[in-house]
Amino acid sequence: MNAPSVSPNSSIADMQDRRLLMDRSVPGHHAVALPEPDVPVSDLPDADLLRDVGDLQLPEVDQLEVIRYFTLLSRLNFSIDTNFYPLGSCTMKYNPKLNDQMASLGGFANIHPLQDDVAVQGALEVMHELQKWLGEATGLPAVSLAPLAGAQGEYAGLLIARAALEARGESHRNVALIPDSAHGTNPASAAMAGLDVVVVKTDEFGNVDVEDLREKADDKTCVFMLTIPSTLGLFEPNIIEINQIIHDAGGLVYADGANLNALLGLVKLGDVGVDICHSNLHKTFSTPHGGGGPGAGPVMVTRRLASFLPDPVVVQARSSDAGPRGYRYRLYRPIESIGKINGFHGSFSILVRAYTYMQSLGGDGLRSVSENAVINANYIQAQLRDRFDLAVDRICMHETVLSGKRQADRGVPALNIAKRLLDYGIHAPTMYFPLIVPEALMVEPTETESKETLDRFISVMQAIDDEISSEPETVLNAPHSLPVSRLDEATAARRPVLRWQPDGD
Amino acid sequence: MNAPSVSPNSSIADMQDRRLLMDRSVPGHHAVALPEPDVPVSDLPDADLLRDVGDLQLPEVDQLEVIRYFTLLSRLNFSIDTNFYPLGSCTMKYNPKLNDQMASLGGFANIHPLQDDVAVQGALEVMHELQKWLGEATGLPAVSLAPLAGAQGEYAGLLIARAALEARGESHRNVALIPDSAHGTNPASAAMAGLDVVVVKTDEFGNVDVEDLREKADDKTCVFMLTIPSTLGLFEPNIIEINQIIHDAGGLVYADGANLNALLGLVKLGDVGVDICHSNLHKTFSTPHGGGGPGAGPVMVTRRLASFLPDPVVVQARSSDAGPRGYRYRLYRPIESIGKINGFHGSFSILVRAYTYMQSLGGDGLRSVSENAVINANYIQAQLRDRFDLAVDRICMHETVLSGKRQADRGVPALNIAKRLLDYGIHAPTMYFPLIVPEALMVEPTETESKETLDRFISVMQAIDDEISSEPETVLNAPHSLPVSRLDEATAARRPVLRWQPDGD
Amino acid sequence: MSSNGISAHPFIPNTPSEREQMLATIGVENFDALITDIPEDHRNPGLDLPASASELEVAARMQALAAINQDAGSRPSFLGAGAYRHFIPSTVGAVLQRGEFVTSYTPYQPEGAQGTLQTGFEFQSAVAQIFGMEVANAGMYDGPTAFAEAGLMAARVSRRNRILILDSADRRLFEVADAYSRYQQVTVESIGLDKVLDGDIPDDAACIAFQSPNFLGEIEDARAISDAAHAAGALSVMHTYPIALGMFKAPGQCDVDIATSEGQPLGVPLTFGGAYVGLFTAKQRFIRQLPGRIIGETADTNGRTGYTLTLQTREQHIRRERATSNICTSTQLIGLMVAVYCATMGPSGLRKVAELSYHKAHYLADQINGLDGWDANPNGRVFFNEFVATGPVGPSEINRQLAERGIIGGLDIADVVPGGMLFCVTEMNSRHDIDRLVNALAEIGKGGAA
Amino acid sequence: MSSNGISAHPFIPNTPSEREQMLATIGVENFDALITDIPEDHRNPGLDLPASASELEVAARMQALAAINQDAGSRPSFLGAGAYRHFIPSTVGAVLQRGEFVTSYTPYQPEGAQGTLQTGFEFQSAVAQIFGMEVANAGMYDGPTAFAEAGLMAARVSRRNRILILDSADRRLFEVADAYSRYQQVTVESIGLDKVLDGDIPDDAACIAFQSPNFLGEIEDARAISDAAHAAGALSVMHTYPIALGMFKAPGQCDVDIATSEGQPLGVPLTFGGAYVGLFTAKQRFIRQLPGRIIGETADTNGRTGYTLTLQTREQHIRRERATSNICTSTQLIGLMVAVYCATMGPSGLRKVAELSYHKAHYLADQINGLDGWDANPNGRVFFNEFVATGPVGPSEINRQLAERGIIGGLDIADVVPGGMLFCVTEMNSRHDIDRLVNALAEIGKGGAA
Ligand SMILES: Cc1ncc(COP(=O)(O)O)c(C=O)c1O
Ligand SMILES: Cc1ncc(COP(=O)(O)O)c(C=O)c1O
């Protein structure tokens, strides 16, 4: 291998060897030793059932290479632990280390999902308590922790709606009303649940267009899917009226609770007429995003809908042989359950984290989460409104949607502002979402960032706005200081290379 | 705070906020909550014994700030996990992650050093086994694990030598003979042990000058301190004769075993006449260096000297109530012990790692460690000898000492070669040591690096040698791509700033 | 008006004075002015939850809860059936501690997420290799949902609407496939192996889906099933156990069209059933029908290789109600564990783990067959590391008595095989532990005291 | 000739064919040609050690060894006396997992070690603050060696050669001071408090060294002792307990010249006594006599702030036999734990931990005093979180019976105080645990059954 050429100013990133593991493979290298059998060896089955030894092309590398490779790759990421990450709708808040440490305790990490209930009472207590806390936080007391992410929570919720309507003999209701500002998972989940999606308009204030809704709500309506606060970061002021319209039409109200972090202790969804909601524990309850999961998307419903919840829920059962407490926790399949939507009981390791988090904050602390999430977003909005258009000019909740229209008019679209932020060590806001806002930059600071960090973000946004006037090329060609420059995504999709291949790239 | 200016080519490192924690402090921020007392509160003692609440100026920061600050700082380091680190004499080899994981098991991490022996039999077994393994590896069967680093092992060894000679009525022996190539800790430890240091010359082949030694060994000689292999990376071919000279003069032979990683299974120190040695577990036995410790420097001696070992050693004692095994381990103070050289029983967390490591390798694996450490060093030496002078032109052991004389003649001293390597993502070799080699660059690749990594190092060294001809300024001003450029060490020493101060910069 | 919240917290830096400053900048008098959109009657309902607790207290409580679980890390276990206790090398935990992996989002800004993307590409490469399949996606929620989505994909690809699942598959697979297709004009039905091999397959079958090793641990003839499916114009969908592929023929070697699996055995702890990762592989020609995230290789403007999410037009954030799946947040971090596992084990490691599991399971079966009144693997079929056994005492009683001896027994499957238990053995079961189990079974069989 | 070694190992990548290639490049036929300097008779002696073991086996063995220790993490403990079970916040473990901190060397190349250096500077800053002292070094091996080196430093500074240690100090401190000064023309002697306060101090005393809280947990009058030392032309050296400084006056507030301590209570687990870190602080004017590493702030050629090892001319690698100490490898990583601990606790956290320990210890003392035949803190002196108690039964019997009840009792100090035990209480002891101890002591006192 030749020495790479290094100019005096090349960065360490330029020097970094990014070859894939298979391109580092040397026959005979290996990263771990395994024991020899301590039992008599049995006959192997017929050779035609077996794989040839040479068949399996996995990397052959030593242990140091494994550690060094993955360690260096980790450093190419932006992350909460290293960067301010105001990615709207995604709630990139600090993930307390205690939560990870608790999830890795042997008594949680090494229990099998099919062990007898009596052998896992600690785990079931975690789940039962978490159900209670989520029920209290949303005002929807019947809870299943089964869904593995927000989108699965939506799907579970929609199955519940369909089942409940079916139970009242209204299986013909096959329409989901969904505002145009909704997240993509809402219509996708609706489609999976066999519902036709009918889009409801958003008015100039960012609210649901009540008249449009009133027109569209009818005897085909199965559910209205309301994201609250909306993806514009706004609380729906007409929520009571809206929910009434849906209920009057015989439908159910589903709340996408991905943004529940704005509402804790400020309002309960069940109190304002919501029938079903999910919550993303990996957002509101601060479990780490892991570069794209795992998450957990528990589903909460009114008591009336409890019997339809997915399998399992955890119940506290009186039991004669349950020791001094007199009760025991057990897994339970609700009588009209929509069934199993995944293999076992949910993302248990994520549930442990969320429950740990909620204990650290308690009721008052959870309210503080929302208060400060809202204050921080409004603070940024107030400081940037002279430079950037607002999607809607009003007090926001936990996030503010800016529009880069003025900047686009000066020749620099939102995408480039986002990329330029990366140069400053700040992750980009969510771009071009919600779809109804031109040049959208959706900024969610979260409550875990300090005022000083917000001030730095504000001044960097101002600096970029200045650069757009003074040196637009700098912004247009960003990022400049990252491990790679702008990537060719079009070719990637046109000629997909989806795995290592011996003939390499 | 103003937005930093970012040129299109500034690196993330330039952007990084390096302020100290106190400069980030905001009154009222805090990173962890503590419980309220669950007992009745007692009276506090007299106010004049107490500290004012405002007295303690520690950082007030939130938890995310703690994590982000230390995470980002970590990334400013070169380390084994991220870089090839051929730092001679320091044995920067891969530190297996299993070792760290075993050391953090609750049964090891949470035991108190003053618990009753019966309550800590597992810990004592680890220590007893490790003593045995180290005794076998060195041929010096009596072992104490107490010393907390190599230098403390040296000091313990010298105290043993003095005590043993005193016990034979020869307390007047107060000279330590030390080769001029020795590591600085040798003379420093000798001085602490009240010994006068007499330097022994090294001959043109890098060996101890036997005639010089013969002249200097006399009835004042307490010990001869031999580093083996020497800091030139050479095995002393006259070791038998040398040790005989010392023994004949009535002195003892102390081997600095910091380089034991070259000898495992190839030769035992006890077999060639060594009386006392230490081993750096943080080198040969792969416990992590931690940016400068903790280490462990067990001391090994002949059976004859066992009774002088520092307190404690672990012994296996028959015991009637010791359960099915019939014996129990206990801590023991040897009868003529030099006493306690530190608070408790040694760097236990490091001992656990070393013992884990030794089990992973076993006897044959330990021999392979040395074989491959030697092969790798000689391979580099063979590939670079046409470009760089060798300190001594001969087969080396685990490390090779290059001399940058030819490069210095072309205007670039060894220091700058070292700094330039950093630009290539490779840690510098040890510079200007041993002191007897001009422009020394001491290269120790270790056995854990692959041939491919060695080849890259070789080609980078060649590239730098080329740069010295083609663009010497690039080398002279290195490093270019690190978080800081050359630091002003002179001013640091002249006007020391040793802690954060409120008026600080 | 003062809030009900607390003033500053380790996770919420703002102090009261900072809040005041910020509210002033916003231009409101107090916090309540920010939430006037919330209907007044329902504003500030209060939360009937305990007060915030210190880290010391929370840790103590969680440790106490963990301690009352019967941890399979510290006692012999013979439970499998979809979640497996395999050896996890130290590298996995070490890499998983990197905050940069743990606390990043889905890689929407590829320039700032090359770590996640390149490791995800490694995951896809390793999974495709193990399955012998042409492509793998970046992971699904878990094994059963991967299987369910495979059925739906087969329906999309074949434009047929009956998903036929071999009756030897785990009931959980049926259930999840059912929940996933309930309203999709697709039916999920069970079919027997004989029918399949006899070619008795309806001509509107989208796929023949099967599990191998099946629920009882037996190896199905994947090639014959695939051939039969193809003959009927249907796809073949195989749900497998990736460790078994260390020694048994891979789906790609049996002309399987879509192959899925639970990824947990590849380096992920049991964790009471989650979070896991579903493995999803297919033939190249189906790539535009795949559900879930996919990572592709590309180049930057300077020609440097880099990685990015690709084929995103399949996904919900672009295609919305016409997406191939609703997946957004998936299981990237668990996929990373799998990637590190595969890199660490290499080809020889995976083979050895498979063979150790095989030999130890067969040793246990042999020992059980040596006991009075016991019958292990009664069908005599080829099995990997799980097998059915029946004994002189009912499974629930056996498990109760094993638990008293500190042993986690096999799965009670009396509802599937009368009197049956499903035993699972991996490289983690030492001979000593296996012998302890056998002795215990012998005692229990004799009605011996616990 | 073939070697006895193994051919490739997870930690040793070279394969036989790579070795062959490399040997050829070196120009030798075989490995043995590389070690001809080793006397032939003693070459290749073989190692009488077990064979290499797999990770799975090694982990299982180590877990088994760990499991037989009686872990103070899972049972109440009242043992202190130099090593303390304090709360360790989650941030410490999280930062400690960064491989870049763990696997780097002493920062000889400061440009590539700013992480280690800046965190070390934070350590020095925090330690100096807690001690109220002007400077701190980057850490010593442990508390007792820091104390011993403080005595030697006092001798260097004062050019006097008698180190006088107050007799209320831990015997370990005497022992280590003795071992450190044995051949240095310095003597270590014990002195009583009365003598010191009466000014009865020899005029060749280098220092009056004392421990406060002393071995029995009592607060000494640091100011009065320092004044007396200074009046006699000697230095004052104080060995302290850093948690106590969260509420009690700091050495720097009592005109102490050199102050040391065990750093373990600040975020480091008990770990059977090591690895720990010694804290070493002094007045500014002594900096060129300090032992150990010191980190200083400076600037790079572009004026950016950076950190570097400084005052290195004191050290062995430059000054050799005239160095202020032989320390080379020290305890940087443990110092990092301390730095993270201090950053996490902040001023209010440290205060709270101190007060919790104080109140809980006093609660226990009060409860013990309420028991028949027991006497806690018999001298009635001010104590922090440790105190002596005597009871109706001997300490060793009490501890045996406490162990049977799953409680780790106090230290048996019958050799110092007849019938005495030294109890230690920290914020980790819940009231419930304290009450359990008290009830157990009551029972044991009455000769109640275990
Ligand atoms: C508003 C909204 N709804 C739904 C989702 C889907 O949640 P998940 O990604 O967990 O499936 C998200 C997150 O991406 C979201 O922001
Ligand atoms: C040859 C030699 N001797 C002694 C030492 C001192 O060991 P330690 O740093 O553990 O005190 C070292 C390491 O620095 C060394 O390389």
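The rules behind the values
Residues numbered from 1 in each chain as written. Chains lettered and ligands numbered in written order. Predicted model: local features only at pLDDT ≥ 70, side-chain atom pairs only at ≥ 80, totals over all residues. Heavy atoms only, no water. Near = heavy atom within 4 Å. Polar contact = N/O pair within 3.5 Å; in protein donor to acceptor, adjacent residues only side chain to side chain. Areas by Shrake-Rupley, 256 points an atom, 1.4 Å probe, with all protein chains shown as cover. Helix = DSSP H or I, 4+ residues; strand = E, 2+ residues; numbered from the N terminus. Nonpolar A, V, L, I, M, F, W, Y, C, P; charged D, E, K, R; others polar. Patch = residues over 30% accessible without salt bridge, like charges linked within 9 Å, V, L, I, M, F, W, Y side chains within 5 Å. Salt bridge = Lys/Arg side-chain N within 4 Å of Asp/Glu carboxyl O. Lys, Arg positive; Asp, Glu negative; His and termini not counted. Charge placed at Lys NZ, Arg CZ, Asp CG, Glu CD. Buried < 20%, exposed > 50% of the residue type's maximum accessible area, 1.4 Å probe, protein only. Domains from an automatic or database assignment. Contact = heavy atoms within 4.5 Å. Expected span 1.5 Å × (residues − 1). Pairing = 2+ DSSP bridges. Buried area = accessible area lost by both parts, 1.4 Å probe.

Draft legend 1. Region of the structure containing the site of ligand 1. In the vicinity of ligand 1, 15 residues are found, and the nearest of them are Ser89, Asp256, His282 and Lys283 of chain A together with Thr329 of chain C. The separation between an oxygen atom of ligand 1 and a polar main-chain atom of glycine 150 of chain A is 2.7 Å. Side-chain polar atom of histidine 183 of chain A to an oxygen atom of ligand 1: 3.2 Å apart, as the coordinates give it. Burial of ligand 1 by the surrounding chains reaches 99%, relative to a free accessible area of 380 Å². The biggest single contributor to the shell around ligand 1 is helix H6 (residues 150–167) of chain A, with 3 residues. A per-class count over the shell around ligand 1 returns 5 nonpolar, 7 polar and 3 charged.

Draft legend 2. Structural view of the site of ligand 2. Around ligand 2, a shell composed of 16 residues is seen, among which Ser89, Asp256, His282 and Lys283 of chain B together with Thr329 of chain D lie nearest. Bordering ligand 2 are residues originating from chains B and D. Between an oxygen atom of ligand 2 and a main-chain N or O atom of glycine 150 of chain B, the distance comes to 2.6 Å. Separating an oxygen atom of ligand 2 from a side-chain N or O atom of tyrosine 105 of chain D is a distance of 3.5 Å. Computed on the free molecule, ligand 2 has an accessible area of 380 Å², of which 99% lies beneath the protein chains in the complex. Looking at the shell around ligand 2 element by element, the count peaks at 3 residues for helix H6 (residues 150–167) of chain B. Here the shell around ligand 2 is composed, by residue class, of 5 nonpolar, 8 polar and 3 charged.

Draft legend 3. A look at a negative patch on the surface. Residue and element names in this part refer to chain C. A cluster of acidic side chains, namely Asp167, Asp194, Asp198 and Asp200, defines a negative patch on the protein surface. Turning to its location among the elements, aspartate 167 is positioned in the loop between strand E2 (162–166) and helix H7 (171–181). Using a relative accessible area of 47% as the deciding quantity, one classes aspartate 167 as partly exposed.

Draft legend 4. Molecular detail of the pattern of salt bridges. Under the criterion given, the structure shown has 103 salt bridges over all chains. The salt bridge involving arginine 68 of chain A is made with glutamate 449 of chain B; its shortest N-O contact spans 2.7 Å. You can see arginine 68 of chain A sitting in helix H2 (residues 63–74) and its partner glutamate 449 of chain B sitting in the loop between strand E13 (440–443) and helix H13 (451–470), one on each of two chains. Judged on exposure class, the residue arginine 68 of chain A and its partner glutamate 449 of chain B are both buried. Put simply, arginine 214 of chain B and glutamate 211 of chain B hold a salt bridge, and the shortest N to O gap is 3.5 Å. Pair noted here: arginine 214 of chain B and glutamate 211 of chain B are both in helix H8 (residues 210–216), with a separation of 3 residues, about one helical turn. On the accessibility criterion, arginine 214 of chain B (40% relative accessible area) is partly exposed. Under the relative-accessibility criterion, glutamate 211 of chain B is labelled partly exposed at 47%.

Draft legend 5. Highlighting the domain arrangement of chain C. All names here are of chain C. When cut into domains, chain C gives domain 1 (90–342) and domain 2 (346–445). Each of domain 1 and domain 2 was reduced to a C-alpha centroid, and the two centroids are 29 Å apart. Scanning the region where domain 1 abuts domain 2 turns up 3 salt bridges. For the salt bridge of glutamate 220 with arginine 381, the shortest nitrogen-to-oxygen distance reads 3.2 Å. Linking domain 1 to domain 2 there are 9 residue pairs in polar contact (both at pLDDT 80 or more). The residue inventory of the side of domain 1 that touches domain 2, partitioned by class, reads 13 nonpolar, 3 polar and 3 charged.

Draft legend 6. Expanded view of unusual backbone geometry. In this structure, proline 434 of chain A follows phenylalanine 433 of chain A across a cis peptide bond, with omega equal to -5°. In this structure, proline 434 of chain A sits in the loop between strand E12 (430–431) and strand E13 (440–443). Proline 213 of chain C follows serine 212 of chain C through a cis peptide bond whose omega is -5°. With respect to the secondary-structure elements, proline 213 of chain C resides in the loop between strand E4 (205–211) and helix H9 (222–231). Positive phi outside glycine occurs at glutamate 439 of chain B, with the angle close to 50°. In this structure, phenylalanine 272 of chain D is a non-glycine residue whose phi angle is positive, near 55°. In this structure, phenylalanine 272 of chain D sits in the loop between strand E6 (258–262) and strand E7 (278–282).

Draft legend 7. Up close: the side chain of arginine 172 of chain D. Structurally, the position occupied by arginine 172 of chain D is in helix H7 (residues 171–181). If we skip the residues at most four places from it in the chain, arginine 172 of chain D touches Leu114, Lys340, Gly343 and Phe344 of chain B.

Draft legend 8. Seen up close, H6 of chain A. All names here are of chain A. End to end, H6 covers 25 Å across 18 residues, agreeing with the expected 26 Å (1.5 Å per residue, within 8%). Counting buried residues along H6, 16 of its 18 residues qualify, which places the element largely inside the surrounding structure. In the stretch just after H6, glycine 169 is the one whose phi turns positive, near 80°.

Draft legend 9. Quick look at the sheet that holds strand E12 (residues 430–431) of chain B. Residues and elements named next belong to chain B. Overall, antiparallel pairing links the 4 strands, which are arranged E10-E11-E13-E12 in an open sheet. Looking at strand neighbours, the two that pair on one side only are strand E10 (389–390) and E12, the edges of this open sheet. Direction of pairing for E12 relative to E13: antiparallel, over a ladder of 2 bridges. Directly across from threonine 430, in E13, lies its bridge partner methionine 442.

Draft legend 10. Spotlight on the interface of chain A and chain C. Each partner contributes to the interface: chain A provides 202 residues, whereas chain C provides 182 residues. Buried area between chain A and chain C, summed over both chains or domains, comes out near 16,500 Å², and the portion from carbon and sulfur atoms is 62%. Looking only at chain A, the three residues that lose the most surface to chain C are Arg51, Leu498 and Arg499 of chain A, adding up to 5% of its buried area. Taken together, chain A and chain C are joined by 6 salt bridges. Across the salt bridge formed by glutamate 175 of chain C and arginine 333 of chain A, the nearest N and O atoms sit 3.0 Å from each other. Here chain A is connected to chain C by 92 residue pairs in polar contact (both at pLDDT 80 or more).

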